[in-house]
Amino acid sequence: MLEVAVIDRPAAAEASLDPIRQRILAELAVPASASSLAPRVGLTRQKINYHLRTLEEHGLVELVEERKRGNMTERIMQASAASYVISPAAMSALAPDPSRFPDQLSARWLVTLAARIVREVGELIAGATAAGKPLASFAIDSDITFATAADRAAFAGELGESVNSLVAKYHDGNSEAGRKHRLVVALHPSLTTPHVTTPETEQ
C-alpha cells in the first residue's frame, strides 16, 4: 500500500468521491472481503462487491489474495493507498494555470501553484514508478510566528532575496546535460484550531 496516491483520471476521481466508496476505501486500510465489510459499512455483500469492482477497475483497490470457502471464492481486497489526492489533471479543461495571473501576494495564485505541484509531481511519480526509478525531490515544511505584519513583510523580502541569490548561483542555462527543476516557495497563515466550549470554560 502506498502512503499517498494521486488520482489524475476523471472517471477514477468520480469513483473516489462517492461517500460510500470513500468509507470502503477507509475500511480497506486493512485487507478485507466483501462479507466482512458489509456489516461495517451497512450494506449487503452484493452491493459491497459492486462498489469493490468499480474501485478495482480504477486502481483504487487491489486484490491481496483469494480464499476458497466451500463453493465460493472469497476475494481479499486492500486500498491501493492510505490516502488519495485528486490532481487538477482530472479536470484538465478547468485546471488553473499560474501564468495567467502571476501575483506573489495573491492567495489564489498560491493555490494555483499548489495545484500545479500536485499535477506535475503526480505525473512524475507515475513516470518514475513505471520506469522503476526513484524521483528526486525536496521539501521543507516549517512554522514561524511573526510578532508584527512588518516582520512578516521583512521576512518575505529577505527570503525572496536569498532564494534569488541561490538560483543565480546554481542555475546553468547552458548545460546540455542538466535537468530543469521547479522551485516554489510559499508563505501563508497557519490554520487555527477552532475553540471548543467545555463546561469548565463556560463558568
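Treat the numbers as computed from the prediction; the structure is a model and nothing was measured.

Reading the values: rules and limits
- Residues numbered from 1 in each chain as written.
- Predicted model: local features only at pLDDT ≥ 70, side-chain atom pairs only at ≥ 80, totals over all residues.
- Heavy atoms only, no water.
- Helix = DSSP H or I, 4+ residues; strand = E, 2+ residues; numbered from the N terminus.
- Buried < 20%, exposed > 50% of the residue type's maximum accessible area, 1.4 Å probe, protein only.
- Contact = heavy atoms within 4.5 Å.
- Domains from an automatic or database assignment.
- Core = buried A, V, L, I, M, F, W, Y, C linked by side-chain atoms within 4.5 Å.
- Phe/Tyr/Trp six-rings, centres within 6.5 Å; stacked < 30°, edge-to-face > 60°.
- Salt bridge = Lys/Arg side-chain N within 4 Å of Asp/Glu carboxyl O.
- Axes fitted to C-alpha atoms, helices over the stretch in contact; angles between N-to-C directions.
- Parallel < 35°, antiparallel > 145°, perpendicular 65-115°, else oblique.
- Nonpolar A, V, L, I, M, F, W, Y, C, P; charged D, E, K, R; others polar.
- Patch = residues over 30% accessible without salt bridge, like charges linked within 9 Å, V, L, I, M, F, W, Y side chains within 5 Å.
- Areas by Shrake-Rupley, 256 points an atom, 1.4 Å probe, with all protein chains shown as cover.

A. Seen up close, the overall build of the chain. Along its length, the chain carries 7 helices and 4 strands. Along its sequence from the N terminus, the chain presents helices and strands in the succession β-α-α-α-α-β-β-β-α-α-α. Overall, the C-alpha framework of the chain stretches about 70 × 70 × 30 Å when taken along its three principal axes. Within the chain, buried positions represent 22% of all 203 residues. A sequence separation of at least 24 residues applies to 56% of the contacts in the chain between residues at least 6 apart.

B. Inspection of the domain arrangement of the chain at higher detail. Domain annotation of the chain identifies domain 1 (2-84) and domain 2 (107-170). Centre-to-centre, using C-alpha coordinates, domain 1 lies 34 Å away from domain 2.

C. Spotlight on the nonpolar core. Ranked by internal contacts, the top residues of the largest apolar core, which has 20 residues, are Ile24, Leu28, Leu37, Ile48 and Leu52. Of all the secondary-structure elements, those providing two or more residues to this core are helix H1 (10-16), helix H2 (19-27), helix H3 (34-41), helix H4 (45-57) and strand S3 (72-79). Broken down by element, this core gets its largest block of residues, 4 residues, from H3.

D. View of the packing of aromatic side chains. Taken as a whole, this structure holds 1 aromatic pair when the rule is applied. Ring geometry for phenylalanine 146 versus phenylalanine 155: centroids 5.3 Å apart, planes at 55°, classification tilted. With a relative accessible area of 23%, phenylalanine 146 lands in the partly exposed category.

E. Broad picture of the side chain of serine 16. By the element assignment, serine 16 lies in helix H1. In this structure serine 16 comes out as buried when scored by relative accessible area, which is 8%. Apart from residues lying up to four places away in sequence, serine 16 is in contact with Ile7, Gln22, Leu60 and Ile86.

F. Inspection of the pattern of salt bridges at higher detail. On inspection of all chains with the given rule, the structure shows 7 salt bridges. For arginine 119, the salt bridge identified is with glutamate 120, shortest N-O distance 4.0 Å. In this structure glutamate 120 comes out as partly exposed when scored by relative accessible area, which is 23%.

G. Focus on the packing of H2 against H4. Running from amino to carboxyl end, H2 crosses H4 at an angle of 85°, the nearest separation of the two axes being 10 Å. As judged from the angle between their axes, H2 and H4 are roughly perpendicular. When H2 is examined against H4, the residues Ile20, Arg21, Ile24 and Leu25 are found in contact with a partner set consisting of Ile48, Tyr50, His51, Leu52, Thr54 and Leu55. Here the contact of H2 with H4 is built from residues that sort into 7 nonpolar, 2 polar and 1 charged.

H. Summary view of the side chain of threonine 54. Here threonine 54 shows up in helix H4. The contacts of threonine 54, once residues within four sequence positions are left out, are Ala15 and Arg21.

I. Focus on a nonpolar patch on the surface. A cluster of nonpolar side chains, contributed by Val4, Val6, Val85, Ile117, Val121, Leu124, Ile125 and Leu135, occupies part of the molecular surface with about 530 Å² of accessible area. Considering every element that reaches the nonpolar patch, the biggest residue donor is helix H5 (residues 107-131), with 4 residues. One can find isoleucine 117 in helix H5.

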